[in-house]
Amino acid sequence: MKKTAIAVIADGTEEVECLAVVDVLRRAGFDTPIVSADGETVTGSHGIKITADARTADVKTAPDLIFISGGKAGAERLANCAPLIDMIAATLARGGRVAAICAAPALVLGAHGFLNGKRATCYPGFEPYMSGAAVCAERVVTDGQITTAKAMGCSVELGIELVRLLAGEEQAEIVQKSIFC
């Protein structure tokens with residue numbers, strides 16, 4: 001069965017974090033639609049507009065992976081998106097994976113208790129919001145079903161980790177070699 005992945009964004013999302021991870025997942029063969037908690041077109045944290053493929057309310061089944069982009073304003077908006085929080089809970093309950101980067105591990109996952117008892121990382125300065133987590137210094141951290149990453153500079157590394165988790169080491173190496181030649 002083909003695994004499903006979605007990338008969730010909102011106005012204020014850090015554009016490169018979103019697009020780099022989506023690009024890596026698509027290179028590995030995952031469809032990975034971009035799903036908006038806001039309108040069809042989202043304005044990122046640096047004024048770049050991204051057209052979403054769907055809205056959170058349109059997603060009817062929990063995917064195998066939910067990826068949550070960072071950017072403080074975007075993460076704050078996503079933290080207040082009830083359909084997303086419900087989808088995260090449903091995805092984790094059925095054994096799926098959740099990944100977040102930058103401010104999103106703290107403001108979305110930590111704020112809703114998804115990091116309780118987990119090792120995780122986030123953008124420096126957001127550690128006080130990592131409720132229940134053992135905060136780590138690593139760039140990318142996977143603990144059970146949850147993967148977190150520090151910042152935009154870790155986006156490709158995060159994408160490759162997600163490919164490894166969803167499709168295996170061999171596929172992750174293929175994608176990594178195609179990116180870093």
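Our subject is the structure listed above.
Note that the structure is predicted; figures quoted are calculated from it, not measured.

## Here we look at the overall build of the protein chain
Secondary structure summary: the protein chain contains six helices and eleven strands in total. Over its C-alpha trace the protein chain gives a radius of gyration of 14 Å, about what one expects of a compact globule, namely 16 Å for 181 residues. Oriented by its inertia axes, the alpha-carbon framework of the protein chain measures out at about 35 × 35 × 35 Å. Within the protein chain, buried positions represent 51% of all 181 residues.

## Some words on the pattern of salt bridges
Going through the model one piece at a time under the given rule, you end up with eight salt bridges. A salt bridge links Arg26 to Asp53; its shortest N-O distance comes to 3.5 Å. Separated by 27 residues along the polypeptide, Arg26 in helix α1 (residues 15–27) and Asp53 in the loop between β4 (49–51) and β5 (54–55) bring together distant segments of the chain. Overall, Arg26 belongs to the partly exposed group, its relative accessible area being 40%. For the salt bridge of Glu157 with Arg139, the shortest nitrogen-to-oxygen distance reads 2.8 Å. Separated by 18 residues along the polypeptide, Glu157 in helix α5 (residues 155–167) and Arg139 in the loop between β9 (134–135) and β10 (140–143) bring together distant segments of the chain.

## A word on the pairing of strand β1 (residues 5–9)
The element β1 is largely enclosed, with a buried count of five among its five residues. Residue alternation in β1 divides its side chains into two sets, Ala5, Ala7 and Ile9 and Ile6 and Val8, and both sets are buried. Sheet topology note: the β1/strand β6 (residues 65–68) ladder contains four bridges and is parallel. Bridging across to β6, Ile6 finds its partner in Ile66. By the bridge criterion, three bridges tie β1 to strand β2 (residues 34–36) in an arrangement that is parallel. Directly across from Val8, in β2, lies its bridge partner Val35.

## A short note on the packing of aromatic side chains
Under the criterion given, the structure shown has two aromatic pairs. Between Tyr123 and Phe126 the ring centres are 6.4 Å apart and the planes differ by 65°, which places this aromatic pair in the edge-to-face class. A relative accessible area of 39% means that Tyr123 is categorised as partly exposed. Since its relative accessible area comes to 12%, Phe126 is described here as buried.

## Considerations on the packing of α5 against helix α6 (residues 169–180)
To characterise two packed helices, one gives the angle between the axes of the helices and the distance between these axes. Between α5 and α6, the shortest axis-to-axis distance is 7 Å and the interhelical angle comes to 155°. In terms of orientation, α5 and α6 fall into the roughly antiparallel class. For the element pair α5 and α6, the recorded crossing hand is right-handed. Here Val156, Ile160, Val163, Arg164 and Ala167 of α5 lie close against α6, whose contacting residues are Glu169, Gln171, Ala172, Gln176, Ile179 and Phe180. In the contact of α5 with α6, the residues fall into seven nonpolar, two polar and two charged.

## Considering α5
When the terminal C-alpha atoms of α5 are compared, their 18 Å separation across 13 residues agrees well with the 18 Å that a helix rising 1.5 Å per residue should span. Lining the buried residues of α5 we find α1, β6, β7 (97–101), β10, β11 (146–149) and α6. Just downstream of α5, Gly168 is the residue with a positive phi angle, here 100°.

About the cut-offs
In this numbering scheme, every chain counts its residues from 1 along its sequence in written order. Reporting in this predicted model follows two pLDDT cut-offs: at least 70 for local features of residues, and 80 or more for side-chain atom pairs to be given and counted; totals over whole chains, interfaces and linings ignore these cut-offs and use all residues. Note that the side-chain values use all heavy atoms of the structure and ignore hydrogens as well as water. A helix here means a DSSP run of H or I that spans at least four residues, while a strand means a run of E at least two residues long, and both kinds are numbered starting from the N terminus. A radius of gyration in this sense is built from C-alpha atoms; the matching globule rule multiplies 2.2 Å by the number of residues raised to 0.38. Type-normalised accessible area, obtained with a 1.4 Å probe on protein chains alone, sets the label of each residue: buried when under 20%, exposed when over 50%, and partly exposed for intermediate values. Salt bridges are identified by distance alone: a Lys or Arg side-chain nitrogen within 4 Å of an Asp or Glu carboxyl oxygen. The rule for pairing is simple: two strands pair if DSSP sees at least two bridges between them. Pairing of aromatic rings covers Phe, Tyr and the six-membered ring of Trp, with a centre-to-centre limit of 6.5 Å; geometry is then stacked below 30 degrees between planes, edge-to-face above 60, and tilted otherwise. Axes here refer to lines fitted to C-alpha atoms; in helices the fit is confined to the stretch in contact. Angles between the N-to-C directions go from 0 to 180 degrees. The scheme is simple: roughly parallel for angles under 35 degrees, roughly antiparallel for over 145, roughly perpendicular for 65 to 115, oblique for anything else. For a crossing to be left-handed, the near helix must be turned anticlockwise from the far one by less than a right angle; the clockwise case is right-handed. Note on contacts: a residue pair is in contact if any heavy atoms of the two residues lie within 4.5 Å. Residues are grouped as follows: nonpolar covers Ala, Val, Leu, Ile, Met, Phe, Trp, Tyr, Cys and Pro; charged covers Asp, Glu, Lys and Arg; every other residue, Gly included, is treated as polar. Multiplying one less than the number of residues by 1.5 Å gives the expected span of a helix.

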